[in-house]
Amino acid sequence: MLENKTGMIFGVANQRSIAWACAQACLEKGAKLAFTYQGERLKENVEKLTANLDGALVVPCDVTNQAEVDAAFQTVEKEFGKLDFLIHSIAFAPKEALEGEFLMTSREAFVTAMEISAFSLPQLARAAAPLMKDGGSIVTMTYYGAEKVVQNYNVMGVAKSALEASVRYLAEDLGKQNIRVNAVSAGPINTLSARGVKNMGVMLRHIAEKSPLRRNVEAREVGNTTLFLVSDLASAITGETIYVDCGFNIIGI
Ligand code: NAP
């Protein structure tokens, strides 16, 4: 399905990361992948996880450092020659902004959350587009807190709203080059980032009780939908937010 396709994956921190589940789904279907990591702290993790993968690249890329972003894409161009898909699975907000009232969000926390969690999508799309010579697919990860109030999600919900709107604007801009841009809205999964949101356990229990499928989503399922979106099976889908949340978003009372 993805034989002869090359992809770049942002956001593998460890084996629980949604990005890692996406990578596994794509690798099973024959893709060649470049992994980026943020900072030396994560380098060892990513190198260990990818050690046995044939032809995989591992490159540093902190999205707040434009020189590092440019260098990462230069490496991918040099080694792969082209890019077919990009998976954006990164987000960050300071921990103190992910509890209490949104009202109290500091300027610094707001700007940081927006820069890393939302601006990074157009930033990376702009760098990727020239490498997507035969068209391409860009997928980002979002969450229901973008459209409804979810306690403690706060500034990250505002950043995810900006991210989802960015998906639509990018889909229009890049559609002319046959580059599709979509978001996957995943239900809560117990990852490193998710643990930064206060009362994550309460949220997981609520969804297991109330969602139509009466359970929480698994990272593997988010990976499979991402695989679909980067593949030619989704060739007419762009600008969309697709829910992978066991149906929770359709429930009213
Ligand atoms: P994760 O494993 O902690 O992945 C988040 C990644 O973002 C980490 O690799 C993190 O690196 C990276 N990151 C943070 N700041 C960065 C920067 N400046 N430059 C580059 N990378 C940076 O958590 P995850 O749950 O898989 O999150 C992946 C995506 O899915 C996020 O967009 C998240 O909002 C979204 N999502 C998660 C859930 C959920 O419940 N888990 C639900 C819906 C959507 P560091 O560890 O170094 O910060």
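Residues numbered from 1 in each chain as written. Predicted model: local features only at pLDDT ≥ 70, side-chain atom pairs only at ≥ 80, totals over all residues. Heavy atoms only, no water.

Asker: Any details on the environment of Leu-213? Residues and values, ideally.
Answerer: Among the structural elements, Leu-213 can be located in the loop between helix 6 (200–210) and helix 7 (219–230). When the C-alpha atoms of Leu-213 and Gly-247 are compared, they prove to be 6.8 Å apart, with 34 residues separating the residues in sequence. (Helix = DSSP H or I, 4+ residues; strand = E, 2+ residues; numbered from the N terminus.)

Asker: Describe in detail unusual backbone geometry, supporting the description with residues and values.
Answerer: In this structure, Asn-4 is a non-glycine residue whose phi angle is positive, near 65°. In this structure, Asn-152 is a non-glycine residue whose phi angle is positive, near 80°. With respect to the secondary-structure elements, Asn-152 resides in the loop between strand 5 (136–142) and helix 5 (154–175). Residue class for Asn-152 comes out buried when judged on its relative accessible area of 8%. (Buried < 20%, exposed > 50% of the residue type's maximum accessible area, 1.4 Å probe, protein only.)

Asker: Describe the site of the ligand, and please don't skip the residues or the numbers.
Answerer: Around the ligand there are 29 residues in total, and Ser-17, Gln-38, Arg-41, Thr-191 and Ser-193 lie nearest to it. Take Lys-160: an N or O atom from its side chain is 2.8 Å from an oxygen atom of the ligand. Between an oxygen atom of the ligand and a main-chain N or O atom of Ile-189, the distance comes to 2.7 Å. Within the complex, the protein chains bury 93% of what would otherwise be the 880 Å² of accessible surface of the ligand. If you list the elements that add at least two residues to the shell around the ligand, you get helix 2 (40–50) and strand 5. For the shell around the ligand, a count of residues per class yields 18 nonpolar, eight polar and three charged. (Near = heavy atom within 4 Å. Polar contact = N/O pair within 3.5 Å; in protein donor to acceptor, adjacent residues only side chain to side chain. Areas by Shrake-Rupley, 256 points an atom, 1.4 Å probe, with all protein chains shown as cover. Nonpolar A, V, L, I, M, F, W, Y, C, P; charged D, E, K, R; others polar.)

Asker: Tell me about the packing of helix 4 (residues 107–128) against helix 5, and name the residues and values.
Answerer: At a minimum axis separation of 9 Å, helix 4 and helix 5 run at an interaxial angle of 20°. With respect to their mutual orientation, helix 4 and helix 5 come out roughly parallel. Regarding helix 4 and helix 5, the two cross each other, and that crossing is right-handed. Residue-level inspection shows Ala-109, Phe-110, Ala-113, Met-114, Ser-117, Ala-118, Leu-121, Pro-122 and Ala-125 of helix 4 in contact with helix 5, the latter providing Val-155, Met-156, Val-158, Ala-159, Ala-162, Leu-163, Ser-166, Val-167, Leu-170 and Leu-174. (Axes fitted to C-alpha atoms, helices over the stretch in contact; angles between N-to-C directions. Parallel < 35°, antiparallel > 145°, perpendicular 65-115°, else oblique. Left-handed = near helix turned anticlockwise from the far one by under 90°. Contact = heavy atoms within 4.5 Å.)

Asker: So what's going on with the sheet that holds strand 3 (residues 57–60)? Residues and values would help.
Answerer: Reading across the sheet, the seven strands line up as 3-2-1-4-5-6-7 and stay open at both edges, with parallel pairing between neighbours. In the strand order of this sheet, the two ends are held by strand 3 and strand 7 (241–244), each with one partner. Sheet twist, expressed as the average angle between the axes of neighbouring strands with direction ignored, equals 20°. Bridge count for strand 6 (residues 179–186) against strand 7 is four bridges, and the pairing is parallel. Counted as the bridge partner of Val-184 is Ile-242 from strand 7. (Pairing = 2+ DSSP bridges.)

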